[in-house]
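Here is how the chains run, residue by residue.
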Amino acid sequence: MMWSWIPANWSQIWELTRQNAFLGIVSPLIGLVISLPLGVVAARWRWFYPPTLVFINVIYAIPSLALFIALIPAFGLTDTTVVIGLTVFSLCVILPNVVEGLRGVPGPVKQAATAMGYGPLRRLVTVELPLATPVIIAGLRVGVVSSVSLASVGQIIGVSSLGYLFIDGEQRDFPTEIYVGLFCVIVLAVVCDLILVGVRRVLTPWASGRNRAAGERPRWVLTQRAPARVT
Amino acid sequence: MSFFSYAWDWITTDANWHGSGSIPQQLVAHLGYSGLPLLIAALIAIPLGVLIGHTGRGAVFVVNLANAWRAIPTLGLLILLAVYLGFTLFTWLIPLVVLAIPPILVNVYEGVAGVDPGVKDAAKGMGMTPWQQVIRVEVPIAMPLILVGLRTGAIFVVATATIAAYIGLGGLGRFIIDGLANTQYGPVAGGALLVVILALLVLGLFSLLSRLLVPAGLRGAGRDNQ
């Protein structure tokens, strides 16, 4: 470990971290934006969901490098290629959680909202989506953490990320650079994860203490169904 | 030209099917480089997951392990080992085995721990020994999730073995990495398509396995997981 390398290359490390964060955060956010309407449709019209799950399983099986390569003719060796690839993978993790979250809203709660005169749209936006938020954010967390880590694979096709430190470190036979890359990816993932935990606390202040503890378990099971990709 | 036409042109070129480093050779190599780590990981993770699920000890460890797993950049780990060890059997085998363990372990644990306590009591009440309870009741009931875990592990090793071509491993990833180095898109696209086909075959294999191995009484209930 050559510690002096780190301050000497600080600006480059920061720039690569920023780029990696962009790829790893924007993609799952786009995935979330696409998942919400699809999830609402799948939660309401049940026949829509099983074929969607099959589709998600098939997409999920595609290795990330192969997906990036398949997107090259259309989008070139650009950020767009990696962002689209990571968006697709994030979608696979987030969409099931949106559906399960919406389905998990208790029937009596929905009936109460209807009895209070809420229309379908108002009920969805002000009752069902807020109650589904913890489960949706659980999916988003998995999507963000794995996208941050997966973005480094994009370096193989030349899209800049912290993966540069791996590949450059290998070519120069310089472990310090690889350690710094690993450290930055993991720290970035953990920081993003913690931010999302904070967002969940702010958005769902009622889900604290005992209620939250009760909510942990189904959420955990949900993440198993669509485990994140790491390569 | 699109991805598929590049890939198709390259795959249907006769010369790519003969000699050393040909498509059939790398395909078989890729199966070996994926199958061996998966087998070792399964031999470690399945008994361990059953044990943790049955006793409930170590559950927190498994949950945290699975969360940490997602953050690990596989490429970085492979390259780090390659820089220290050079290219040896262990350079690629160790990370593939170690990283294939968490998804299998977590699902096996979840499956076994999630068995209805009433069913476990009934098994005990029928006079089954703890060993019989595990083998004849808990594992069959957990089978859908065990297969999900193995499928996730299999998909993971197929994808990671592709990336391991970067540090010198053979297999279909060779076409991709060498093609990128020579800026030829044909083998890159062809290799990528073959990897996708292989991954989909793995998926098909597991859906077949779940038909064969999941007890008939569970099939309807487990369908949502597949």
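Residues numbered from 1 in each chain as written. Chains lettered and ligands numbered in written order. Predicted model: local features only at pLDDT ≥ 70, side-chain atom pairs only at ≥ 80, totals over all residues.

Digging into the overall build of chain B
Turning to step 1, where the next piece is worked out: In terms of helices and strands, chain B carries 10 helices and zero strands.
Turning to step 2, where the next piece is worked out: Secondary structure of chain B in N-to-C order comes out as α-α-α-α-α-α-α-α-α-α.
Turning to step 3, where the next piece is worked out: By residue count, 48% of the 226 residues in chain B fall in the buried class.
Turning to step 4, where the next piece is worked out: Taking the contacts inside chain B whose residues are at least 6 apart along the sequence as the reference set, 73% of them involve residues at least 24 apart. (Helix = DSSP H or I, 4+ residues; strand = E, 2+ residues; numbered from the N terminus. Buried ≥ 20, exposed ≤ 12 C-beta atoms within 10 Å, placed from the backbone. Contact = placed C-beta atoms within 7 Å.)

Quick notes on the overall build of chain A
Turning to step 1, where the next piece is worked out: The number of helices and strands found in chain A is 10 helices and zero strands.
Turning to step 2, where the next piece is worked out: Taken from N to C terminus, the helices and strands of chain A fall in the order α-α-α-α-α-α-α-α-α-α.
Turning to step 3, where the next piece is worked out: Principal-axis analysis of the C-alpha atoms gives chain A an extent of 70 × 40 × 25 Å.
Turning to step 4, where the next piece is worked out: In chain A, which comprises 231 residues, the proportion classed as buried is 47%.
Turning to step 5, where the next piece is worked out: The long-range share in chain A, meaning contacts at least 24 apart out of those at least 6 apart in sequence, stands at 78%.

Digging into the interface of chain B and chain A
Turning to step 1, where the next piece is worked out: Across the contact, 43 residues belong to chain B and 40 residues belong to chain A.
Turning to step 2, where the next piece is worked out: Listing elements by their share of the side of chain B that touches chain A, those giving two or more residues are α3 (59-69), α4 (74-85), α5 (89-113), α7 (130-163), α8 (173-181) and α9 (185-213) of chain B.
Turning to step 3, where the next piece is worked out: The element contributing the most residues to the side of chain B that touches chain A is α9(B), with nine residues.
Turning to step 4, where the next piece is worked out: Within the side of chain B that touches chain A, the residues separate by chemical class into 33 nonpolar, eight polar and two charged. (Nonpolar A, V, L, I, M, F, W, Y, C, P; charged D, E, K, R; others polar.)

What about the packing of helix α2 (residues 23-55) of chain B against α7(B)?
All names here are of chain B.
Turning to step 1, where the next piece is worked out: Running from amino to carboxyl end, α2 crosses α7 at an angle of 145°, the nearest separation of the two axes being 9 Å. Crossing of α2 over α7 shows right-handed handedness. The residues of α7 that touch α2, namely those facing His 30, Tyr 33, Ser 34, Pro 37, Leu 38, Ala 41, Ala 42, Ile 46, Val 50 and His 54, are Val 134, Glu 138, Val 139, Ile 146, Leu 150, Gly 153, Ala 154, Val 157, Val 158 and Ala 161.
Turning to step 2, where the next piece is worked out: A class-by-class count of the residues in the contact of α2 with α7 yields 15 nonpolar, four polar and one charged. (Axes fitted to C-alpha atoms, helices over the stretch in contact; angles between N-to-C directions. Left-handed = near helix turned anticlockwise from the far one by under 90°.)

Here's the deal with the nonpolar core
Turning to step 1, where the next piece is worked out: Of all hydrophobic cores here, the largest spans 135 residues; its most connected members are Ile69(A), Leu78(B), Ala100(B) and Ala192(B).
Turning to step 2, where the next piece is worked out: It is α7(B) that provides the largest number of residues to this core, a total of 16 residues.
Turning to step 3, where the next piece is worked out: Setting aside its immediate chain neighbours within four residues, Ala192(B) contacts Ala66(A), Ile69(A), Ala70(A), Ala7(B) and Ile176(B). (Core = buried A, V, L, I, M, F, W, Y, C linked by C-beta atoms within 7 Å.)

So, the confidence of the model for chain B
All names here are of chain B.
Turning to step 1, where the next piece is worked out: Mean pLDDT over chain B works out to 91, with 97% of the residues at or above the 70 mark.
Turning to step 2, where the next piece is worked out: Across chain B, element-level confidence peaks in α2 with a mean pLDDT of 95 and bottoms out in helix α10 (residues 219-222) with 58.
Turning to step 3, where the next piece is worked out: Contacts from residues 222-226, a stretch scored under 50 in pLDDT, to residues over four places away or in other chains number eight contacts.
Turning to step 4, where the next piece is worked out: As a predicted assembly, this complex carries a pTM of 0.87 together with an ipTM value of 0.87. (pLDDT = per-residue confidence, 0-100.)

Looking at unusual backbone geometry
Turning to step 1, where the next piece is worked out: At Asp173(A), a position not held by glycine, the phi torsion is positive, near 55°.
Turning to step 2, where the next piece is worked out: Relative to the elements of secondary structure, Asp173(A) occurs in the loop between α8 (163-171) and α9 (175-203).
Turning to step 3, where the next piece is worked out: Classification of Asp173(A) by C-beta neighbours within 10 Å gives exposed; the count is 10.
Turning to step 4, where the next piece is worked out: Even without being glycine, Thr183(B) reaches a positive phi, approximately 45°.

Examining the environment of Leu129(A)
Turning to step 1, where the next piece is worked out: Turning to its location among the elements, Leu129(A) is positioned in helix α7 (residues 120-150).
Turning to step 2, where the next piece is worked out: For the pair Leu129(A) and Phe166(A), spaced 37 residues apart in sequence, the C-alpha separation works out to 41 Å.

Considerations on the packing of helix α4 (residues 64-75) of chain A against α9(B)
Turning to step 1, where the next piece is worked out: Between α4(A) and α9(B), the shortest axis-to-axis distance is 9 Å and the interhelical angle comes to 135°. It follows from the interaxial angle that α4(A) and α9(B) lie oblique. The handedness of the crossing between α4(A) and α9(B) is left-handed. Contacts from Ala66(A), Ile69(A) and Ala70(A) in α4(A) reach Val188(B), Ala189(B), Ala192(B), Val195(B) and Val196(B) in α9(B).
Turning to step 2, where the next piece is worked out: Looking at the contact of α4(A) with α9(B) residue by residue, the class counts come to eight nonpolar, no polar and no charged. (Parallel < 35°, antiparallel > 145°, perpendicular 65-115°, else oblique.)

Overview of α8(A)
Residues and elements named next belong to chain A.
Turning to step 1, where the next piece is worked out: Across the nine residues that make up α8, a large majority, seven, are buried.
Turning to step 2, where the next piece is worked out: Turning to α8, its buried residues number three or more, namely Gly 163, Tyr 164, Leu 165, Phe 166, Ile 167, Gly 169 and Glu 170.
Turning to step 3, where the next piece is worked out: Directly after α8, the chain includes Asp 173, whose backbone phi takes a positive value near 55°.

Some points on the environment of Gly31(A)
Residue and element names in this part refer to chain A.
Turning to step 1, where the next piece is worked out: Turning to its location among the elements, Gly 31 is positioned in helix α2 (residues 10-44).
Turning to step 2, where the next piece is worked out: Note on Gly 31: 25 C-beta atoms within 10 Å, which makes it buried.
Turning to step 3, where the next piece is worked out: When the C-alpha atoms of Gly 31 and Pro 51 are compared, they prove to be 19 Å apart, with 20 residues separating the residues in sequence.
Turning to step 4, where the next piece is worked out: Excluding residues that lie within four positions of it along the chain, Gly 31 makes contacts with Thr 87, Ser 90, Leu 91, Ile 94 and Gly 143.

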